[in-house]
Amino acid sequence: MSNQPLPPLPQSASAASLLQQLASPAPSFMDNTLPSYLVNEMIRTLRHSTRVRIKRRRKAQMEVRVQQGLGDVSSTLERMSLGDNVKGKQAEIPPLVTDTAKEAAEEDEDVRKGVQESLHNIGLQVGGNIVEHITVFRSPFSTHLETMKFICKEFFLFIYSKQIDNLRTNHRGVFVLQSNAFPPLIPISSTNGPQADVEAAKIYLVYPSALIQGALARLGINVTVSVESAGLPQCTFTIKMTRHQPTGTAYFPLNTVGGNQPVPPVPGPPALPAGGGTV
């Protein structure tokens, strides 16, 4: 590689404009149904990996019991080791042989909890990164209500190409977000009946709930998010603040002056009424 100096910048282009272009590149568009496909594959992959992890853990526990003489589980270990080939390489672990339906149910419950925990952790990180990206040049939010309106409009529009249909609040730190046709729930359908479909859709609502919680946490607002569905594809998110801050405190998005720390009160809209209402 030669040590030739870089060509000079054009006179018409200032350093500030070039930095602006690098910091805010032209947006790239994608199919609005792609997130739904990715979530389906993510859930399927997490379910498989969680089940394999649980089987390996139980196999290790049984081996410890054999070494300590706590029970005769040698036959079970032999059946679990059928996947090991003669070269000593670890092959795919065969299904765990359970003696009772209770053990099988416990395994399924452990898998369900493990998948939900993984989806929640992923959603927290992704939601925070998304809100950081779309608020990098935005002015600070002066009230909690303004922040929630941003979540209902711009945040959901960025992810699902659809805004929240209804936002309600009691003006005491509780916000209810309702979507009459939530995109991730639209494709869910089976021959088992509406109630079974609602039960099967619960796993698909863990990730969106974590997205909301992660986004608000990155904006400096600690909340708990619960979600329920009375019938597909409708769903309702209930957001409860766990730490109240006075009205008029500004919350700066990331990468702006001030970070996420509260700053002294700034002039804002009049105080909200004490009674509940629809926004």
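Look a little higher up for the structure.
Conventions adopted
- Residues numbered from 1 in each chain as written.
- Predicted model: local features only at pLDDT ≥ 70, side-chain atom pairs only at ≥ 80, totals over all residues.
- Heavy atoms only, no water.
- Helix = DSSP H or I, 4+ residues; strand = E, 2+ residues; numbered from the N terminus.
- Expected span 1.5 Å × (residues − 1).
- Bend = angle between axes of the 7 residues up to and from the residue.
- Buried < 20%, exposed > 50% of the residue type's maximum accessible area, 1.4 Å probe, protein only.
- Salt bridge = Lys/Arg side-chain N within 4 Å of Asp/Glu carboxyl O.
- Core = buried A, V, L, I, M, F, W, Y, C linked by side-chain atoms within 4.5 Å.
- Contact = heavy atoms within 4.5 Å.

## Things to note about helix 5 (residues 144-160)
Link 1 in the chain: Between its first and last C-alpha, helix 5 extends 23 Å over 17 residues, near the 24 Å set by a 1.5 Å rise per residue.
Link 2 in the chain: At I151, helix 5 shows its largest kink, close to 35°.
Link 3 in the chain: What helix 5 keeps buried is the set H144, L145, T147, M148, F150, I151, C152, F155, F156, I159 and Y160.
Link 4 in the chain: Count one or two residues on from helix 5 and you reach S161, which has phi positive near 55°.

## Focus: the pattern of salt bridges
Link 1 in the chain: Within the structure shown, the criterion is met by 9 salt bridges.
Link 2 in the chain: Taking the shortest distance from any N to any O, the salt bridge between E41 and R44 comes out at 2.7 Å. Of the two residues, E41 and R44 both sit in helix 2 (residues 34-68), 3 residues apart, roughly one turn of that helix.
Link 3 in the chain: By relative accessible area, R44 is classed as partly exposed at 47%.

## Notes on the nonpolar core
Link 1 in the chain: Counting 44 residues, the largest nonpolar core has I151, F155, F156, L177 and I239 as the members making the most contacts within it.
Link 2 in the chain: Elements supplying a minimum of two residues to this core: helix 2, helix 4 (101-134), helix 5, strand 2 (174-179), helix 7 (206-218), strand 3 (223-228) and strand 4 (235-241).
Link 3 in the chain: Apart from residues lying up to four places away in sequence, F155 is in contact with G127, I130, V131, I134, F150, L211, I212 and A215.

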